[in-house]
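Take a look at the letters that make up each chain.
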Amino acid sequence: MTKSARDQAVSFLEFARWYSHGLLKGIPDDKYTFQPSKTDNHVSWVLGHLAGTEAWMAGVLKMGDIGVPKDIAEAYGMKSTPSADVKHRPEQLREVFEKSHAAFINWYKTADEAALSQDLSVLTQGFASDPIDAAHKIAWHEGFHFGQVANVRKALAIEPFM
């Protein structure tokens, strides 16, 4: 049986998050701002950035508030850089990371066909052609940044997730 485009998108988003959870395991809170080099992104930045990206897409899709405080979206948004001086605690960032994703997935599971087929080309400046395309790119984006978290794990000599 072939999955619908919606089901495939949700599955991809869920797989990315499952993998991200595995990479977060074992990283102590006091290492969330550790950077193997000064140009690497740290765990706190990755969590805030991904939540902020989902908040941006939620705005594009008119999902409503998905629980990302404005100060987090701004601190970790596009063109931001990681800093050891983070004012958001790891547990706060993890909570926002989870809440925003749950709201994002819920929208995909319940959206009607018209919402899922809207043209997003202009609204996203070419990032995504429609909401299904956006879901795939959001999942890819998470995987990309969690590759950086895998690098943090390696530098901290934390056993590999897989």
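Here goes a summary of the coordinates provided. (Residues numbered from 1 in each chain as written. Predicted model: local features only at pLDDT ≥ 70, side-chain atom pairs only at ≥ 80, totals over all residues. Heavy atoms only, no water.)

## Regarding the pattern of salt bridges
Alright, step 1. Evaluated as defined, the whole model comprises nine salt bridges.
Alright, step 2. The shortest N-O distance in the salt bridge between D29 and R94 comes to 2.8 Å. One end of the pair, D29, is in the loop between α1 (5-24) and α2 (43-60); the other, R94, is in helix α4 (residues 90-110), with 65 residues separating them in the sequence.
Alright, step 3. A salt bridge links E74 to K70; the nearest nitrogen and oxygen atoms lie 3.8 Å apart. In this pair, E74 and K70 both sit in helix α3 (residues 70-75), four residues apart, roughly one turn of the helix.
Alright, step 4. Given a relative accessible area of 55%, E74 falls into the exposed group.
Alright, step 5. What emerges from the salt-bridge pattern is a single network uniting R17, E98 and E142. (Salt bridge = Lys/Arg side-chain N within 4 Å of Asp/Glu carboxyl O. Helix = DSSP H or I, 4+ residues; strand = E, 2+ residues; numbered from the N terminus. Buried < 20%, exposed > 50% of the residue type's maximum accessible area, 1.4 Å probe, protein only.)

## Points about the packing of α1 against helix α6 (residues 131-155)
Alright, step 1. At a closest axis distance of 9 Å, the pairing of α1 and α6 adopts a crossing angle of 15°. It follows that α1 is roughly parallel to α6 by the angle criterion. The two elements α1 and α6 meet at a crossing, and its hand is left-handed. Residues A5, R6, Q8, A9, F12, L13, A16, R17, S20, G22, L23 and L24 of α1 pack against I132, A135, H136, I138, A139, W140, E142, F146, V149, A150 and R153 of α6.
Alright, step 2. Across the contact of α1 with α6, the residue classes break down as 15 nonpolar, four polar and four charged. (Axes fitted to C-alpha atoms, helices over the stretch in contact; angles between N-to-C directions. Parallel < 35°, antiparallel > 145°, perpendicular 65-115°, else oblique. Left-handed = near helix turned anticlockwise from the far one by under 90°. Contact = heavy atoms within 4.5 Å. Nonpolar A, V, L, I, M, F, W, Y, C, P; charged D, E, K, R; others polar.)

## Structural notes on a nonpolar patch on the surface
Alright, step 1. Among the surface-exposed residues, F12, W140 and F144 lie close enough to one another that they form a single nonpolar patch of about 340 Å² accessible area.
Alright, step 2. Here F144 lies in helix α6.
Alright, step 3. Given a relative accessible area of 43%, F144 falls into the partly exposed group. (Patch = residues over 30% accessible without salt bridge, like charges linked within 9 Å, V, L, I, M, F, W, Y side chains within 5 Å. Areas by Shrake-Rupley, 256 points an atom, 1.4 Å probe, with all protein chains shown as cover.)

## So, the packing of aromatic side chains
Alright, step 1. Under the counting rule described, the total for this entry stands at ten aromatic pairs.
Alright, step 2. A ring pair is formed by W18 and Y19, whose centres lie 6.2 Å apart and whose planes are at 55°; its orientation type is tilted.
Alright, step 3. For W18, a relative accessible area of 46% puts it in the partly exposed group.
Alright, step 4. Plain terms: the ring middles of W140 and F144 are 5.5 Å apart, the flat faces sit at 25° to each other, and that makes the pair stacked. Placement of both W140 and F144 in helix α6 is noted, with a separation of four residues, approximately one turn of the helix. (Phe/Tyr/Trp six-rings, centres within 6.5 Å; stacked < 30°, edge-to-face > 60°.)

## Here we look at the layout of surface pockets
Alright, step 1. Here the largest pocket is characterised by a volume of approximately 260 Å³.
Alright, step 2. Lining of the largest pocket is provided by H49, G52, T53, W56, A73, Y76, G77, M78, F127 and H141.
Alright, step 3. Broken down by element, the lining of the largest pocket gets its largest block of residues, four residues, from α2. (1 Å grid on protein atoms, 1.4 Å probe; cavity = no way out; pocket = protein on both sides within 12 Å on 5 of 7 lines; lining within 4 Å. Points joined across faces, edges and corners; volume = space filled by probe spheres on them.)

Everything listed here is a matter of coordinates, which is why it stays silent on function.
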